[in-house]
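A closer look at the structure
For reference, the chains in residue letters:
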Amino acid sequence: MSTIPVIAIAMGDPAGIGPELIVKVLAEEGWQERCRPFIIGDLQVMRATAASLGPALRFQAIKDLNAAAFLPGLVDVLNPPGHALDAIPPPGVHPALGEAAARYLELAYQLALQARVSGVVMAPMNKESFRAAGYDYLDELQYLGAITGRDEPFILAAAGPVWAVAVTEHLPFRDIASHITRDRVRRCIGHLHQVLRRLGCATPRIACAALNPHGGEGGLMGREEIDIIAPAILDAQDADVDVSGPVPGDVVFKRALDGDFDGVVCMYHDQLNIARKLLARSDIATLWMGLPVIGATTAHGTAFDIAGQGVADPGSLRAALNYAIRLARP
């Protein structure tokens, strides 16, 4: 059993669809042969959610991970001390619930820093509630970097058979170009190369996407390709990384799917995510790398509009758990 990864599942925003997704996924058979999952969240919320959905799952509160049973049909629930919830308000933005979701994630990575968990899965949290609770971070990844002391966490995404990273993530569109630097592009190429090697690709072939239409048209539509992206590619090539580009953004994923590349370095969030969500539909996840252990979360949000209705699709959380098991640190 010692080789089976222990996976912490953070409950996410209690008013969102996270508790429902967790119940649906953990009710499926076969997980106990592949991992030892437990929930960081609120016991009463999980019990109420399971009762409304019908799966024969039982939940027990534990005060310390050493007390976890990891038994089929019985899910251990660890709540951060002093953060038991009262009645859950209707779905929507609530600072108290933004803080709860942040505390669940914080405890998961405290356990990771102690080498007590092998991976973390998080049900969706709401960024507006997170910020309203007083957390001055752009997103969960920046928050996790701060609390774990990691200065270069990054997001890894699967787009069908192609793996991808983005140089910039959650920024206003007008700010993207100023955050694309030679050093950032070079580091992202290196991150993706290392991950592909870890996934079993002995000689990864990477494409670096252009920022501007048509690859900048030789500078007519912007000089980022000439002044920043191409020099970063040369730096990586000098380090024996097989990377090509800048490849125009409107063809880079087509070429990857045609077999030219194993991974793509994108310049911004939507350049990556539009492609992967079209390719993989519901069974996709967002992966956090560069942290003490892998983090995986859904590729969608809290879906307050359907929360509590029992209709949420668990495909993305299932994918997140599968990826977390695959990339878990022994």
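This brings us to the overall build of the protein. Helix and strand counts for the protein come out as 12 helices and 12 strands. Taking 20 Å as the expected radius of gyration for a compact globule of 330 residues, we find that the protein reaches 20 Å, a close match to that expectation. With respect to the principal axes defined by its C-alpha atoms, the protein has extents near 60 × 40 × 35 Å. Long-range contacts, defined as pairs at least 24 residues apart, comprise 71% of the intrachain contacts of the protein with a sequence gap of at least 6. Within the structure as shown, the protein displays about 14300 Å² of accessible surface, and the carbon and sulfur contribution to it stands at 51%. If the 28 positive side-chain charges of the protein are averaged to one point and the 36 negative ones to another, these points end up 4 Å apart.

Gaps left between atoms show up when a probe the size of a water molecule is rolled over them. The calculated volume of the largest pocket comes to roughly 530 Å³. What lines the largest pocket is a set of 20 residues, among which Leu141, Pro153, Val167, Glu169 and Arg184 lie closest to the centre. Sorting the residues of the lining of the largest pocket by element identifies α6 (140-148), β6 (154-159) and α8 (182-198) as the ones contributing at least two each. The dominant element in the lining of the largest pocket, judged by the number of residues it contributes, is α8, at four residues.

Here we come to the pattern of salt bridges. One pass over the full model with this rule turns up 16 salt bridges. For the salt bridge of Asp262 with Arg205, the shortest nitrogen-to-oxygen distance reads 3.1 Å. Separated by 57 residues along the polypeptide, Asp262 in the loop between α10 (252-257) and β10 (263-266) and Arg205 in strand β8 (residues 205-209) bring together distant segments of the chain. Taking relative accessible area as the criterion, Arg205 reaches 30% and is therefore assigned partly exposed. We note a salt bridge from Asp258 to Lys254, for which the minimum N-O separation is 2.8 Å. Lys254 shares its class with Asp258; the two are exposed.

Moving on: α6. If you check which residues of α6 are buried, you get Glu140, Leu141, Tyr143, Leu144, Gly145 and Thr148. Next to the buried residues of α6 lie α4 (95-113), β5 (119-122), α5 (127-132), β6 and β11 (285-289). Where α6 starts, the residue carrying a side-chain oxygen 3.2 Å from the main-chain nitrogen of Leu141 turns out to be Asp139.

Per the counting criterion, the structure on display carries seven aromatic pairs. Here Phe130 and Tyr135 contribute two aromatic rings whose centre-to-centre distance is 4.9 Å and whose plane-to-plane angle is 10 degrees, an arrangement assigned as stacked. For the pair shown, Phe130 and Tyr135 are each scored as buried. A ring pair is formed by Trp163 and Tyr323, whose centres lie 5.5 Å apart and whose planes are at 70 degrees; its orientation type is edge-to-face. With Trp163 in strand β7 (residues 162-166) and Tyr323 in helix α12 (residues 315-326), the pair connects residues that are 160 residues apart, well separated along the chain. Residues Trp163 and Tyr323 agree in their burial class; the two are buried. Every member of this aromatic cluster is reached through a ring pair, and the members are Phe130, Tyr135, Tyr137 and Tyr143. Just above the ring of Phe70 sits the side chain of Arg36; from NZ or CZ to the centre is 5.5 Å.

Calculation notes
As a convention, each chain's residues are numbered from 1 in the sequence order in which they are written. Selection of residues for local features in this predicted model requires a pLDDT of at least 70, selection of side-chain atom pairs for listing and counting requires 80 or more, and totals for whole chains, interfaces and linings are taken over all residues. Excluding hydrogens and water, the side-chain figures rest on all heavy atoms present in the structure. Comment: elements are numbered from the N terminus, with helices defined as DSSP H or I runs of at least four residues and strands as E runs of at least two. Atoms counted for the radius of gyration: C-alpha only. Globule rule: 2.2 Å times the number of residues to the power 0.38. The contact criterion used is simple: two residues touch if any of their non-hydrogen atoms lie within 4.5 Å. The protein chains shown are the only cover counted for residues, whose accessible areas, like all others here, come from Shrake-Rupley with a 1.4 Å probe. Charge assignment: positive for Lys and Arg, negative for Asp and Glu; neither His nor the chain ends contribute. Note that the charge is assigned to NZ on lysines, CZ on arginines, CG on aspartates and CD on glutamates. Here a cavity denotes grid points, spaced 1 Å and computed from the protein atoms alone, that fit a 1.4 Å probe unable to get out, and a pocket denotes an open set having protein on both sides within 12 Å along at least 5 of 7 lines; residues with an atom within 4 Å of a point are the lining. Grid points are joined across faces, edges and corners, and a volume is the space filled by probe spheres set on the points. Whenever Lys or Arg places a side-chain nitrogen within 4 Å of a carboxyl oxygen from Asp or Glu, that contact is recorded as a salt bridge. For each residue, the accessible area found with a 1.4 Å probe, counting protein chains only, is set against the maximum for its type, and the residue is called buried under 20%, exposed over 50%, and partly exposed in between. Polar contact is defined as a pair of N or O atoms within 3.5 Å, subject to the rule that within protein one atom must be able to donate a hydrogen and the other to accept it, and that residues adjacent in sequence are counted only when both atoms are side-chain atoms. Two aromatic rings, drawn from Phe, Tyr or Trp (for Trp, its six-membered ring), form a pair once their centres lie within 6.5 Å of each other, and the interplanar angle then sorts them: stacked below 30 degrees, edge-to-face above 60, tilted otherwise. Definition used: whenever NZ (Lys) or CZ (Arg) falls within 6 Å of the ring centre and also within 35 degrees of the ring normal, the charge is taken to sit over that ring.

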